[in-house]
Amino acid sequence: MTDPRRGSLGLAHLPTPLESMDRLAAAVAGTGDTGPRLLVKRDDCTGLALGGNKARKLEPLCAEAIATGCDVLVTGGGPQSNHARMTVAAANRLGLECHIALAPAATGGLPGPEESGNLLLDRVLGAHLHVLERGDYYDIEAGIDALATELATAGRRPYAIPVGGASVTGATAYAAAADELVGQLHGERIDWVVVADGSGGTHAGLLAGFGDSVQILGVDVGTRPDLDDVVPRLAAETAERDGRHPPPSRALVDHHRFGRGYGAVTDTGVEAIHLAARLEGLVLDPVYTGKAMAGLVAAVREGRIGTDDTVVFWHTGGAPALFAGRYNATFASPT
């Protein structure tokens, strides 16, 4: 049987490119300094409704859904959820319906500026959106469960996907992605992988895939409060399912980059977005990858990542959020 994590459903364009970021490395290290070698793993290039890391996770998740006889996918997220956008796109590719438990905007409901970016794409893709009364991580998870129960009661066959696809099934895709990266390195050693930490599934999968051979730094973007517990637990369960060696029992998470909370603009995130764009032509977003890059920059400047280290920044996508109305004032003015 073909392994769904390697793309048997054809949802993700794999392998994704691995590129150097020499100009960014020199800028982060400082003029005249020798800095670490920086690479970027381009999971923003996975295809599927403008790409992102969720395409990998949706391969095994949707394969499992189809195997159960599912006729409707159910998941949830915030108004600018990349996961929601890509889940409805996957459902369309597979001939399934898709319902989204959507957190309300900060002012309640879905005001005009929020009808842009990822949410606009949800509309274009035809998602069935169900706006919740409250929108923290646990509210969204409860909303997904309630929506799946409601659909089942109505005679449908729902398959519930947690926020971000952060289940063992979803995380196995990133254990496989670690193998993909190793193959692209052709024996070259890497010391670090840096990735945005939202619901924790990507970090957990990479931790399961690399074990203790590489340090995986997750940069908390403010999605959920229990990353320190959930990432190592999910990594251990993923490694066990995959027949891999047990991963480290602790996860390395930077909790200092999300500012006032999930989706909030931070000065260091904006700086990181401008650095990547103007030095490498690499587009990041203010919710996830901008903050992850800010975490990488801080780790280099503070000496936690050494000058002789090789670092892979795992680009998880998210560029549609740049086009959300709430971020226009931040990025529309020249700096």
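Note that the coordinates shown come from a computational prediction; the quantities given were computed from them, not determined experimentally.

All right, on to the sheet that holds strand 3 (residues 72–77) then. The four strands are arranged 5-4-3-6 in an open sheet whose pairing can be described as parallel. The strands lining the two open edges of the sheet, one partner per strand, are strand 5 (128–131) and strand 6 (158–160). Ignoring which end each strand starts from, the neighbouring axes of this sheet average 25° apart. As judged from the three bridges shared by strand 3 and strand 6, these two strands associate in the parallel manner. Within the sheet, the bridge partner assigned to Leu73 lies in strand 6 and is Tyr159.

Right, let's talk about the pattern of salt bridges for a bit. Evaluated as defined, the whole model comprises 17 salt bridges. A salt bridge links Arg156 to Asp71, with the shortest nitrogen-to-oxygen separation between them at 3.2 Å. Pair noted here: Arg156 is in the loop between helix 5 (137–153) and strand 6 and Asp71 is in the loop between helix 2 (54–67) and strand 3, with a separation of 85 residues, a long-range link. You can call Arg156 partly exposed: its relative accessible area is 26%. According to the relative accessible area criterion, Asp71 is buried, its value standing at 18%. A salt bridge links Glu237 to Arg233; the shortest N-O distance between them is 3.5 Å. You can see Glu237 and its partner Arg233 sitting in helix 8 (residues 227–242), four residues apart, about one turn around the helix. A residue is classified by how much of its surface remains accessible, and Glu237, at 32% relative accessible area, is partly exposed. Look at the salt bridges and you will find they share partners, linking Lys41, Asp43, Arg56 and Glu180 into a network.

What follows concerns the packing of aromatic side chains. Counting across every chain of the model gives three aromatic pairs. Taking the centre distance of 5.3 Å and the plane angle of 80° together, the rings of Tyr137 and Tyr138 count as edge-to-face. Look at Tyr174 and Trp314: their rings are 5.8 Å apart centre to centre, the planes differ by 70°, and that puts the pair in the edge-to-face class. One end of the pair, Tyr174, is in helix 6 (residues 168–185); the other, Trp314, is in strand 10 (residues 310–315), and 140 residues separate them in sequence. In this structure Trp314 comes out as buried when scored by relative accessible area, which is 0%.

The next thing to look at is helix 1 (residues 22–29). Residues of helix 1 that are buried include every one of Leu24, Ala25, Val28 and Ala29, and no others. Buried residues along helix 1 cover an arc of 125° about the axis, so they all sit on one side. Structural note: helix 1 exposes Asp22 and Arg23 on the side pointing more than 90 degrees away from its buried face. Lining the buried residues of helix 1 we find strand 2 (37–42), helix 9 (267–280) and helix 10 (289–301). Positive phi shows up at Gly30, right after helix 1, with a value of about 105°.

All right, on to the nonpolar core then. Membership of the largest hydrophobic core comes to 34 residues, with the highest contact counts inside it found for Met21, Leu24, Val194, Met293, Leu296 and Phe313. Elements with a contribution of two residues or more to this core: helix 1, strand 2, strand 7 (192–197), strand 8 (215–220), helix 9, helix 10 and strand 10. Tallying contributions element by element places helix 10 first for this core, with seven residues. Look past the residues within four positions of Leu24 in its chain and what remains in contact with it is Leu38, Leu275, Ala276, Leu279, Glu280 and Met293.

Attention shifts here to the pairing of strand 2. In terms of burial, strand 2 is a largely internal element, five of the six residues being buried. Taken together, the six bridges between strand 2 and strand 10 define a ladder with parallel strand orientation. Bridge pairing links Lys41 to Trp314 in strand 10.

Reading the values: the criteria
- Residues numbered from 1 in each chain as written.
- Predicted model: local features only at pLDDT ≥ 70, side-chain atom pairs only at ≥ 80, totals over all residues.
- Heavy atoms only, no water.
- Pairing = 2+ DSSP bridges.
- Helix = DSSP H or I, 4+ residues; strand = E, 2+ residues; numbered from the N terminus.
- Axes fitted to C-alpha atoms, helices over the stretch in contact; angles between N-to-C directions.
- Salt bridge = Lys/Arg side-chain N within 4 Å of Asp/Glu carboxyl O.
- Buried < 20%, exposed > 50% of the residue type's maximum accessible area, 1.4 Å probe, protein only.
- Phe/Tyr/Trp six-rings, centres within 6.5 Å; stacked < 30°, edge-to-face > 60°.
- Arc of directions from axis to C-beta.
- Contact = heavy atoms within 4.5 Å.
- Core = buried A, V, L, I, M, F, W, Y, C linked by side-chain atoms within 4.5 Å.

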